[in-house]
Amino acid sequence: MAAGDSFYIATPIFYVNDVPHIGHAYTEVAADVLARWHRQSGDDTWLLTGTDEHGQKILRTAVANDSTPQAWADKLVNESWLPLLQTINIDNDDFIRTTDERHESAVKIFLQKLYDDGFIYSGEYEGYYCVGCEEYKQLDDLLEAESGDYAGQLVCKIHTRPVEILKERNYFFRMSDFQQKLLDLYESRPDFIQPDSVRNEIIQFVKSGLQDLSISRSSFDWGIKIPWDDSHVLYVWFDALLNYITAIGYGTDDDNFRRRWPATQLVGKDIARFHAVIWPAMLMAAGLEVPTRVFGHGWLLVGGEKMSKSKLTGIAPSQITETFGVDAFRYYFMSAINFGQDGSFSWEDLAARYQSELANGFGNLASRVIAMVNKYFDGAIPSPAEYTEADLGIQSVVKQAAEKADAAIQRLAIHEAIASVWTIVDELNGYITLQEPWALAKDEANRARLGTVLYTAAEGLRALAVLLSPVIPDSTHKLWSAIGAAHELGHVTDQVIVDAGHWGQLPPASRVHSIDALFPRIESPEPAGV
Ligand code: MSP
């Protein structure tokens, strides 16, 4: 992608029936890292997130809590979902709620267009419905519970709760018309659905035949009214999917819509079908472009199962950030799990990586280099003299790491990008051990060499700060000031990321200042009661 391109990235919008857990935070952080990377590449970047507030699930939760659905949604958004963004340091450009007037009015414009163009008709449907998924289910999606409260009943495989039989006269979207068009899309744009495991599953699903989709409900009224029939409200998924275009001006601000759309969409693999089948079919029907790509990431597993609130395995993001800090949270989930695959969460793994990678690897490197510049050069970055092979080796590691990291980000391989950048940490630590600046410092005859070694180390830190800024924004901000770069070069977030590998940007004579450990030692990594 060339600098200055438009990069629009969206997360799913989250149900407000419950508070966020680390699975939700995971998607947010991934999208935020990608958005920050693109902003630092000079791209015209937009990060959208928000909440999904209509439908039966929210209505029932509100009623069970003696609340109206609107009051319930307001409470959850203000007390849980917006604060989540602070807790994990998300720099989103917009936050859309499906109860926003801007969303509701644009949804009606979209629906009316599909209706006028003949893609919606009235019909009858009877089927099994899972309120947890907010979806009609086929028999393949169900199983008979063998034991427990629901023994003998048909339950949804995802929620392990009984499904309900619904029979309704509804409006239907002619999704079956799009079977071949979708298959052609998947064929002509192999990157449209990623990773391949998700792509293959979706292709199989569409090949097995698409039915028209029931898109309205008349048995309850918590939703957007169908413009031509206000006895029906819109099916919650049809409503929610449209957030990606209503938020950027579909139907109201054509210029902005053209500027932003289409988007890169990150979703959990469990909701990839909605995004890679229903959503592009809706867009095609409206004559709009389909997303740039739909990436279905894996699940965070706890004890081998998808972590979820309904199964009581939910972990609140703040449980982690309060002990380890927000940067450690972001780094851990982005580096320890291959983006696109499932990943098991454990406190032991988190604590071990924190200690070895962040505290001993990166944090210690930064403190040592700054301390030596202070001690041997009175806090002024020395000028490099003649570079030796070892120094040139570091320069080439930095250059390659920056290139590989950028290439990995373009493929959404966030973990690979971090692994590439981490080669700088490892190589620099090895370099310092071998060059032994503390030994060089003992003999005035080695002063020029000592200066070159410490310049090389400090310039390596400069590159690290720039390349890691999208992942660990707080610590890189601190490091950037500590090596004197803020004074000389401006904000770290203004440094062009694709230039990070160009050697020699940190001006000699920049003043360093000491910092507290970037990743302090943690006495008791596991919060009480976990
Ligand atoms: N509201 C719908 C999305 C509508 S988008 C138009 C929804 N909401 S959700 O709150 O249930 O889930 C939001 C996202 O969180 C999904 O992408 C889902 O995959 C993700 N996760 C929920 N549990 C998760 C894990 N345990 N691990 C990783 N992601 C998880 O679905």
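Novice: Please provide a residue-by-residue account of the overall build of the chain, values included.
Specialist: Across its full length, the chain holds 19 helices and 18 strands. Over its C-alpha trace the chain gives a radius of gyration of 26 Å, about what one expects of a compact globule, namely 24 Å for 530 residues. In terms of its C-alpha atoms, the chain occupies a principal-axis envelope of roughly 90 × 50 × 40 Å. Considering only contacts within the chain whose residues lie at least 6 apart along the sequence, 77% involve residues at least 24 apart. Looking at the chain as shown, the accessible area adds up to about 21600 Å², and 48% of this sits on carbon and sulfur atoms. Across the chain, 44 positive and 73 negative side-chain charges occur, with their mean positions spaced 1 Å apart.

Novice: Describe the nonpolar core, naming the residues involved and giving the relevant values.
Specialist: Of all hydrophobic cores here, the largest spans 183 residues; its most connected members are Phe 173, Tyr 186, Phe 238 and Phe 333. Ranked by the residues each element gives to this core, the list is headed by helix H13 (residues 347-377), at 15 residues. Beyond its immediate stretch of four places on either side in the chain, Phe 333 contacts Ile 22, Tyr 26, Leu 300, Ile 320 and Phe 345. Core analysis: the next-biggest nonpolar cluster, separate from the first, contains 5 residues, Cys 130, Cys 133, Leu 142 and Val 163 among them.

Novice: Quick rundown of the packing of helix H11 (residues 317-324) against H13? Include the residues and the values.
Specialist: Relative to each other, H11 and H13 sit at 30°, their axes nearing to 12 Å. Taken together, the axes of H11 and H13 lie roughly parallel to each other. Once H11 is placed against H13, the crossing between them reads as right-handed. Contacts between H11 and H13 pair Gln 319, Ile 320 and Phe 324 from the former with Trp 347, Leu 350, Ala 351 and Tyr 354 from the latter.

Novice: Residue-level account of the site of the ligand, with values.
Specialist: By nearness alone, 24 residues border the ligand, and Ile 13, Asp 52, Gly 268, Asp 270 and Leu 300 come closest of all. At 2.8 Å from a nitrogen atom of the ligand is found a main-chain nitrogen or oxygen belonging to Ile 13. Measuring from an oxygen atom of the ligand, one finds a backbone N or O atom of Tyr 15 at 3.2 Å. Within the complex, the protein chains bury 95% of what would otherwise be the 660 Å² of accessible surface of the ligand. If you list the elements that add at least two residues to the shell around the ligand, you get strand S1 (6-15), helix H1 (22-39), helix H7 (236-241), helix H8 (243-246) and strand S14 (264-268).

Novice: Tell me about the packing of aromatic side chains, and name the residues and values.
Specialist: Here the structure, examined in full by the defined rule, presents 31 aromatic pairs. Considering the side-chain rings of Tyr 332 and Phe 345, the 6.1 Å spacing of their centres and the 85° angle between planes classify their relative orientation as edge-to-face. Placement of Tyr 332 in helix H12 (residues 326-336) and of Phe 345 in the loop between strand S18 (343-344) and H13 is noted, with a sequence separation of 13 residues between them. According to the relative accessible area criterion, Tyr 332 is buried, its value standing at 3%. What makes Phe 345 buried here is its relative accessible area of 7%. Centroid distance Phe 362 to Phe 519: 6.3 Å. Interplanar angle 50°. Geometry classified as tilted. One end of the pair, Phe 362, is in helix H13; the other, Phe 519, is in the segment after helix H19 (485-489), with 157 residues separating them in the sequence. Through pairs of rings, three or more aromatic residues link up here, namely Tyr 26, Phe 295, Phe 329, Tyr 332, Phe 333, Phe 339, Phe 345 and Trp 347. Above the ring of Trp 299, the side-chain terminus of Lys 269 is found at 4.7 Å from the ring centroid.

Novice: So what's going on with the packing of helix H17 (residues 447-468) against helix H18 (residues 473-482)? Which residues, and what values?
Specialist: Packing of H17 against H18 leaves a shortest axis separation of 9 Å and a crossing angle of 150°. The angle between the axes of H17 and H18 places the two elements in the roughly antiparallel class. Where H17 crosses over H18, the handedness of that crossing is left-handed. From H17, Leu 461, Arg 462, Leu 464, Ala 465, Val 466 and Leu 468 reach across to H18, where they touch Thr 476, Leu 479 and Trp 480.

Novice: How would you sum up the pattern of salt bridges? Please name residues and give values.
Specialist: Counted according to the given criterion, the structure contains 26 salt bridges. For Arg 330, the salt bridge goes to Asp 32, with nearest N and O atoms at 2.7 Å. Taken as a pair, Arg 330 in helix H12 and Asp 32 in helix H1 lie far apart in primary sequence, 298 residues in all. Each member of the pair Arg 330 and Asp 32 is classed as buried. For Arg 449, the salt bridge identified is with Asp 391, shortest N-O distance 2.8 Å. In this pair, Arg 449 sits in helix H17 while Asp 391 sits in helix H14 (residues 389-410), placing the two residues 58 residues apart along the sequence.

Novice: So what about unusual backbone geometry? Which residues, and what values?
Specialist: The step from Gln 194 to Pro 195 runs through a cis peptide bond, and the omega angle for that step is -10°. The omega torsion of the bond from Trp 261 to Pro 262 falls at 5°, within 30 degrees of zero and hence cis. Position of Pro 262 relative to the elements: it lies in the loop between helix H9 (254-260) and S14. One non-glycine residue, Asp 378, lies in the positive phi region at around 55°.

Novice: Tell me about the pairing of S1, and name the residues and values.
Specialist: Looking along a regular strand, one sees the side chains alternate between the two faces of the sheet. Judged by how many residues are buried, S1 sits mostly within the fold: 9 of 10 residues are covered. Here S1 runs beside strand S2 (residues 44-52); their pairing, made up of 8 bridges, is parallel. Counterpart to Tyr 8 in the pairing with S2 is Trp 46. As defined by bridge partners, S1 adjoins S14 across 2 bridges and the pair is classed as parallel. Bridge pairing in S14 links Ala 10 to Gln 265.

Novice: Can you explain H18? Please cite residues and give values.
Specialist: Of the positions making up H18, those classed as buried are Pro 473, Ser 475, Thr 476, Leu 479, Trp 480 and Ala 482. Summarising the contacts, the buried residues of H18 are in contact with H1, H12, H13, H17 and H19.

Novice: Explain the environment of Ser 80 to me, and be specific about the residues and the numbers.
Specialist: Turning to its location among the elements, Ser 80 is positioned in helix H3 (residues 69-87). Overall, the relative accessible area of 15% leaves Ser 80 in the buried class. For the pair Ser 80 and Asp 196, spaced 116 residues apart in sequence, the C-alpha separation works out to 34 Å. In this view, Ser 80 contacts Val 19, Pro 20 and Lys 75; residues no more than four positions away in its chain are not counted.

What counts, and where the lines are drawn
Residues numbered from 1 in each chain as written. Predicted model: local features only at pLDDT ≥ 70, side-chain atom pairs only at ≥ 80, totals over all residues. Heavy atoms only, no water. Helix = DSSP H or I, 4+ residues; strand = E, 2+ residues; numbered from the N terminus. Rg over C-alpha atoms; globule rule 2.2 N^0.38 Å. Contact = heavy atoms within 4.5 Å. Areas by Shrake-Rupley, 256 points an atom, 1.4 Å probe, with all protein chains shown as cover. Lys, Arg positive; Asp, Glu negative; His and termini not counted. Charge placed at Lys NZ, Arg CZ, Asp CG, Glu CD. Core = buried A, V, L, I, M, F, W, Y, C linked by side-chain atoms within 4.5 Å. Buried < 20%, exposed > 50% of the residue type's maximum accessible area, 1.4 Å probe, protein only. Axes fitted to C-alpha atoms, helices over the stretch in contact; angles between N-to-C directions. Parallel < 35°, antiparallel > 145°, perpendicular 65-115°, else oblique. Left-handed = near helix turned anticlockwise from the far one by under 90°. Near = heavy atom within 4 Å. Polar contact = N/O pair within 3.5 Å; in protein donor to acceptor, adjacent residues only side chain to side chain. Phe/Tyr/Trp six-rings, centres within 6.5 Å; stacked < 30°, edge-to-face > 60°. Lys NZ or Arg CZ within 6 Å of the ring centre and 35° of its normal. Salt bridge = Lys/Arg side-chain N within 4 Å of Asp/Glu carboxyl O. Pairing = 2+ DSSP bridges.

By themselves these figures say nothing about function.
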